[in-house]
Amino acid sequence: RQSVCDWNRLRATIERQILDEKRGKMTKLAHKGGLKRIRDGVKAFFDLNSKMPDYMRLPITGTAIIAKASEMKKRLLGSHAKSPFLSDHELKSIKQFQASESWARKM
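Residues numbered from 1 in each chain as written. Predicted model: local features only at pLDDT ≥ 70, side-chain atom pairs only at ≥ 80, totals over all residues. Heavy atoms only, no water.

**Re the packing of aromatic side chains**
Quick reminder of the rule: Any pair of Phe, Tyr and Trp rings, taking the six-membered ring for Trp, is counted once the centres come within 6.5 Å. Such a pair is stacked with planes under 30 degrees apart, edge-to-face with planes over 60 apart, and tilted for the rest. Here the term buried applies to any residue with accessible area under 20% of the maximum for its type, exposed to any over 50%, and partly exposed to those in between, with areas from a 1.4 Å probe on protein chains only.
Counted under the stated rule, the structure contains two aromatic pairs. Ring geometry for Phe45 and Phe46: centres 6.3 Å apart, planes at 45 degrees, overall tilted. Residue classification places Phe45 among the buried residues on the basis of a relative accessible area of 16%. Relative to Trp103, the ring of Phe97 lies with its centre 4.9 Å away and its plane at 75 degrees, an arrangement referred to as edge-to-face. Of the two residues, Phe97 and Trp103, both sit in the buried class.

Shown next as structure tokens:
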């Protein structure tokens, strides 16, 4: 009986700790991806597009995200060919990257 009462009192604390642990694992996984440079380029495009006047702003669609990600891939691989700066993991991930609609929806 005593342990059940203690558990009920600590329930909120335990649930918060479990959620924090899950969030920690999720953020670690997100940072291990080799596509961070592509995501950063697409996000920079979003930021620039949002600052444009309404008449110049491009609609953000899956097709636009795919096109921008493909452009970033070509640009990164071209720059890396001239002077290597990508890690082996990043290079492998970028070469295998296919800007798919499912990837674009996650952005």
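So that's the structure; there's more coming.
**Comments concerning the pattern of salt bridges**
Inclusion rule: Salt-bridge detection follows one rule: a side-chain nitrogen of Lys or Arg within 4 Å of a carboxyl oxygen of Asp or Glu. Numbered from the N terminus, helices here are DSSP runs of H or I no shorter than four residues, and strands are runs of E no shorter than two.
The tally for this structure, following the rule as stated, stands at five salt bridges. Across the salt bridge formed by Glu90 and Arg37, the nearest N and O atoms sit 3.1 Å from each other. One end of the pair, Glu90, is in helix α4 (residues 88–96); the other, Arg37, is in helix α2 (residues 36–51), with 53 residues separating them in the sequence. Relative accessible area serves as the criterion here: at 15%, Glu90 is assigned to the buried category. You can call Arg37 partly exposed: its relative accessible area is 33%.

**A word on the packing of helix α3 (residues 62–82) against α4**
Stated precisely, the cut-off is as follows: The convention used is that axes are lines fitted to C-alpha atoms, helices contributing only their stretch in contact, and that angles between N-to-C directions extend from 0 to 180 degrees. Angle categories are assigned with fixed cut-offs, so that under 35 degrees is roughly parallel, over 145 is roughly antiparallel, 65 to 115 is roughly perpendicular, and the rest are oblique. By convention the crossing between two helices is left-handed if the near helix lies anticlockwise of the far one by an angle smaller than a right angle, and right-handed if it lies clockwise. Whether two residues are in contact is decided by their heavy atoms: any pair within 4.5 Å suffices.
Where α3 contacts α4, the axes come no closer than 10 Å and their chain directions differ by 135 degrees. The angle between α3 and α4 places the two elements in the oblique class. In the crossing of α3 with α4, the sense of the turn from one axis to the other is left-handed. Counting all contacts with α3, which are made through Lys73, Leu76, Leu77 and His80, the residues of α4 involved are Leu91, Ile94 and Lys95.

**Things to note about the side chain of Ser93**
Looking at the element boundaries, Ser93 is found in helix α4. On the basis of relative accessibility, which here comes to 17%, the residue Ser93 falls in the buried class. Those residues within four positions of Ser93 in sequence are excluded, and the remaining contacts are Gly34 and Leu35.

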